[in-house]
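Topology and contacts: notes
For reference, the chains in residue letters:
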Amino acid sequence: MPNVVVIGAQWGDEGKGRIVDLISEKVDIVVRYQGGNNAGHTIVIGEEKVVLHHLPSGILRDGKISVIGNGVVIDPKVLIQEINELTQAGYTADETNLRISDRAHIIMPYHRAIDLARESTNGKGKIGTTGRGIGPVYEDKAARRGVKFSDLINPEALSERLKNVLEERNSYLTKVLGGEPIEFDDIFSEYSRYGQELKRYACDVSNLLNKSMANGKNILFEGAQGALLDIDFGTYPYVTSSSSGSGGASPGTGVSPTSIDTVLGIAKAYTTRVGEGPFPTEILGELGEKLREAGGEYGATTGRPRRCGWFDAFALRYAAQINGISSIALTKLDVLSGFEKINVCVGYKYRGDELSSFPSSSHILDEIEPIYEEMDGWQEDISNAKDISELPEQARKYLEKLEDLTGVSIYTVSLGPSREKIIFLNNLFS
Ligand code: IMP
């Protein structure tokens, strides 16, 4: 079994959690490498629904090590709550199966306050963030004024760090954004308490992963968000603030790129996006609403309704190229049952000209006219199909079309949220 990176191949919410949960059966270690609790992975086991925000989906499997890499940003209060909820639900999340990089950065209350204040005053420039402080914490990391997990668990280091950064952050928060200042005493006592509670998970993750690989263990690198939300290659500035593509796995964990063998992209059979920003294949009006209701398209983290649209093969081809996606796990094909016609975007037109590559400018993306190929839909409920041969001919043609247009083969097709509603088409690991 190779070391595999699993990423969202669209704008996030592709259903990565359940695919990671499925593949994690075959690996020894599952590691998250970027993002924070802006992510929300929903996994359905029997009658139970579990939503994970920081923790890798491997935490739900016995005998696996779950790791939070240095590229992840952690809200300690939310993480402690998540660990407690999982424990109450009967899962193990202790130092035997959960390790956290001492280099990961901590989301502090001023990061959340800055994120929320900016979003409420930004008007037209609003990003539509999750409001979890993600942008501001990565800004502080790059500006070299961040608080790391190694600081959080050491009261002396935490006190020194906060004394260095709080004045400047408060000045920005109050004078520029008109917010309330954050008091040192309040945050120090609360956060050093979290540090002591989480201390037992602290780990040199790079060392752990490299040693494990040397001992023949294999690793699944779990991406959060999606390729089109990547800080470099996404639809900037309407992106998240980390490298959500496969390339982020290496700096986000301390494992060399040469140790990564393959990349699996997760894509929905249509497209969704939350927050602001360009979305060329968005379907507005009744049809878009029908897709949202059929797919239950509401955010797992914020509950916001997701914008819905047709499958964008042009964007997916771009995501596949940048990230080295060698296979796709296609999710929610069952949601497309009942549509008379289904469109697939095969290219982009800008001011009358067909584009040869995905544009970098959001101004261009705003004016894109998608080129569609219309396909016949199917009316049958396909959620109980056990094999590709049990799908209606139109559904099979749709899958073939997606493979053709994206240049990537389909590994699995999922037909419902539970663990067993999945058809395997290829063997990713052969
Ligand atoms: P942030 O990551 O909270 O700063 O939000 C930046 C953009 O990424 C916004 O458009 C969010 O809606 C989007 N985003 C962040 N996390 C997720 C996710 O897990 N799924 C889908 N969209 C996300």
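In this report, we go over the structure that sits alongside the text. (Residues numbered from 1 in each chain as written. Predicted model: local features only at pLDDT ≥ 70, side-chain atom pairs only at ≥ 80, totals over all residues. Heavy atoms only, no water.)

Moving on, we come to the packing of aromatic side chains. Aromatic rings considered in pairs are described by the distance between their centres and by the relative angle of their planes. Taken as a whole and assessed by the stated rule, the structure comprises 9 aromatic pairs. Both rings, one in F314 and one in Y348, keep their centres 4.6 Å apart while their planes meet at 45°; by these two values the pair is tilted. One end of the pair, F314, is in helix α10 (residues 313–323); the other, Y348, is in strand β16 (residues 341–350), and 34 residues separate them in sequence. One exposure class covers both F314 and Y348, and it is buried. Here the aromatic rings of Y411 and F424 are separated by 5.8 Å at their centres, their planes lie at 80°, and the arrangement is edge-to-face. You can see Y411 sitting in strand β19 (residues 409–414) and its partner F424 sitting in strand β20 (residues 422–424), a full 13 residues away along the chain. For Y411, a relative accessible area of 2% puts it in the buried group. Taking relative accessible area as the criterion, F424 reaches 45% and is therefore assigned partly exposed. An aromatic cluster of at least three residues, connected via ring pairs, comprises F314, Y318, Y348 and F358. The ring of Y194 has R193 sitting right over it, with the charged end atom 5.9 Å from the ring centre. (Phe/Tyr/Trp six-rings, centres within 6.5 Å; stacked < 30°, edge-to-face > 60°. Helix = DSSP H or I, 4+ residues; strand = E, 2+ residues; numbered from the N terminus. Buried < 20%, exposed > 50% of the residue type's maximum accessible area, 1.4 Å probe, protein only. Lys NZ or Arg CZ within 6 Å of the ring centre and 35° of its normal.)

A word on the site of the ligand. Taken together, 16 residues sit near the ligand, with D13, N38, T130, T240 and R304 positioned nearest. Between the ligand and T240 there is a distance of 2.6 Å, counted from an oxygen atom to a side-chain nitrogen or oxygen. One of the side-chain N or O atoms of R304 is found 2.9 Å from an oxygen atom in the ligand. Surface burial for the ligand is 96%, taken as the share of its 470 Å² of free accessible area covered by protein chains. For the shell around the ligand, the per-class residue count stands at 7 nonpolar, 7 polar and 2 charged. (Near = heavy atom within 4 Å. Polar contact = N/O pair within 3.5 Å; in protein donor to acceptor, adjacent residues only side chain to side chain. Areas by Shrake-Rupley, 256 points an atom, 1.4 Å probe, with all protein chains shown as cover. Nonpolar A, V, L, I, M, F, W, Y, C, P; charged D, E, K, R; others polar.)

A few words now on the environment of P280. Along the chain, P280 falls in the loop between β12 (271–273) and α9 (285–295). Judged by its relative accessible area of 12%, P280 is buried. Separated by 30 residues in the primary sequence, P280 and S250 have C-alpha atoms spaced 31 Å apart. For P280, the contacting residues outside a window of four places in its chain are W11, Y348, L365, I368, P370 and Y372. (Contact = heavy atoms within 4.5 Å.)

Position of S362 among the secondary structure elements: in helix α11 (residues 362–366). If we skip the residues at most four places from it in the chain, S362 touches Y236, P237, Y238 and P278.

What follows deals with the nonpolar core. Nonpolar side chains tend toward joint burial in soluble globular proteins. Counting residues in each nonpolar core, the largest one holds 52 residues, and the members touching the most others are F221, F311, L330, L333, L336, L391 and Y398. By residue number, the principal contributor to this core is helix α12 (residues 393–406), which donates 5 residues. When residues no more than four places from it in sequence are discounted, the contact partners of L333 are A269, W378, I382, L391, Y398, L399, V413, S414 and L415. Core analysis: the second largest hydrophobic core is formed by 40 residues, I43, I74, V165 and L166 among them. (Core = buried A, V, L, I, M, F, W, Y, C linked by side-chain atoms within 4.5 Å.)

This part is about helix α1 (residues 16–23). Extensive coverage of α1 is indicated by the burial of 8 of its 8 residues. Of the positions making up α1, those classed as buried are K16, G17, R18, I19, V20, D21, L22 and I23.

For the rest of this paragraph, the subject is the pattern of salt bridges. The final tally for this structure, using the stated rule, is 20 salt bridges. In this structure, R103 and D204 form a salt bridge, with 3.9 Å as the shortest nitrogen-oxygen distance. Within this pair, whereas R103 is found in the loop between β7 (98–101) and β8 (105–106), its partner D204 is found in the loop between β9 (202–203) and α8 (205–214), the two being separated by 101 residues in sequence. Judged by its relative accessible area of 45%, R103 falls in the partly exposed class. One salt bridge in this structure joins E297 and K268, with 2.9 Å as the shortest N-O distance. (Salt bridge = Lys/Arg side-chain N within 4 Å of Asp/Glu carboxyl O.)

With that settled, consider the side chain of S24. Summarising the element assignment, S24 is placed in the loop between α1 and β2 (29–32). Discounting chain neighbours no more than four positions away, the residues touching S24 are V30, G58, R61, K64 and L220.

A separate point is the pairing of strand β10 (residues 219–222). Strand residues, when the strand is regular, have side chains that alternate between the two faces of the sheet. By the alternation rule, side chains of β10 split into I219 and F221 and L220 and E222, which are all buried. Taken together, the 3 bridges between strand β1 (residues 4–8) and β10 define a ladder with parallel strand orientation. Within the sheet, the bridge partner assigned to V4 lies in β10 and is L220. In the sheet, β2 pairs with β10 via 4 bridges, with the strands oriented parallel. Of the residues in β10, the one forming a bridge with V31 is F221. (Pairing = 2+ DSSP bridges.)

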